[in-house]
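Observations on the model geometry
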Amino acid sequence: MIKSAYEHFARACGYRALVIQLIIVGIISGLWIIFSYPQAAVSALLGGTVWFFPTMLFVLIFMLRRKERSPIQILIDFYIGEFVKLLVSFILIILVIKLYKLSIFPFLSGYLAAVLSIWILMFFELAAEKSGDR
């Protein structure tokens, strides 16, 4: 059974990912409202939201399990969490497109900023881990 520093590291990264996503999407929305019009900022905010909430579900499904798990169970939980995240994101995208009048470029910029924020965070987290800063 695995109950290690890596599991703690993964949980911490999950929480940080949520915070970083909120901050980056807020910045992108702020830039749209400053340099464009309010509807663009709302579109960017909705774009980030359709990735933030599925990520939050992933963290709840995968990261918050407290019992010890085998490596196979960790992998299974990860894939289930990712599947749920992608499914919920797809459903939210469809709902947002149908229910709101969106500006597509700001919407996609908010969505991509939220998606890329996780990759950027993981890159810096792993680089810090390897250099011994953590």
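Let me sum up the structure you'll find in this document. (Residues numbered from 1 in each chain as written. Predicted model: local features only at pLDDT ≥ 70, side-chain atom pairs only at ≥ 80, totals over all residues. Heavy atoms only, no water.)

What the chain contains, in helices and strands, is four helices and zero strands. When its helices and strands are written in sequence order, the chain yields α-α-α-α. Relative to its full complement of 134 residues, the chain shows a buried share of 37%. For the chain, restricting intrachain contacts to residue pairs at least 6 apart in sequence, the fraction spanning at least 24 positions comes to 78%. In the form shown here, the chain has an accessible surface area of approximately 8300 Å², with 78% of it arising from carbon and sulfur atoms. (Helix = DSSP H or I, 4+ residues; strand = E, 2+ residues; numbered from the N terminus. Buried < 20%, exposed > 50% of the residue type's maximum accessible area, 1.4 Å probe, protein only. Contact = heavy atoms within 4.5 Å. Areas by Shrake-Rupley, 256 points an atom, 1.4 Å probe, with all protein chains shown as cover.)

Right, let's get into the packing of aromatic side chains. For the coordinates displayed, the defined rule picks out six aromatic pairs. Judged by centre distance (5.7 Å) and plane angle (80°), the rings of Trp 32 and Phe 105 are edge-to-face. Residue Trp 32 is found in helix 1 (residues 5-35), and its partner Phe 105 is found in helix 4 (residues 104-131); the two are separated by 73 residues along the sequence. Judged by centre distance (5.6 Å) and plane angle (90°), the rings of Phe 58 and Phe 78 are edge-to-face. (Phe/Tyr/Trp six-rings, centres within 6.5 Å; stacked < 30°, edge-to-face > 60°.)

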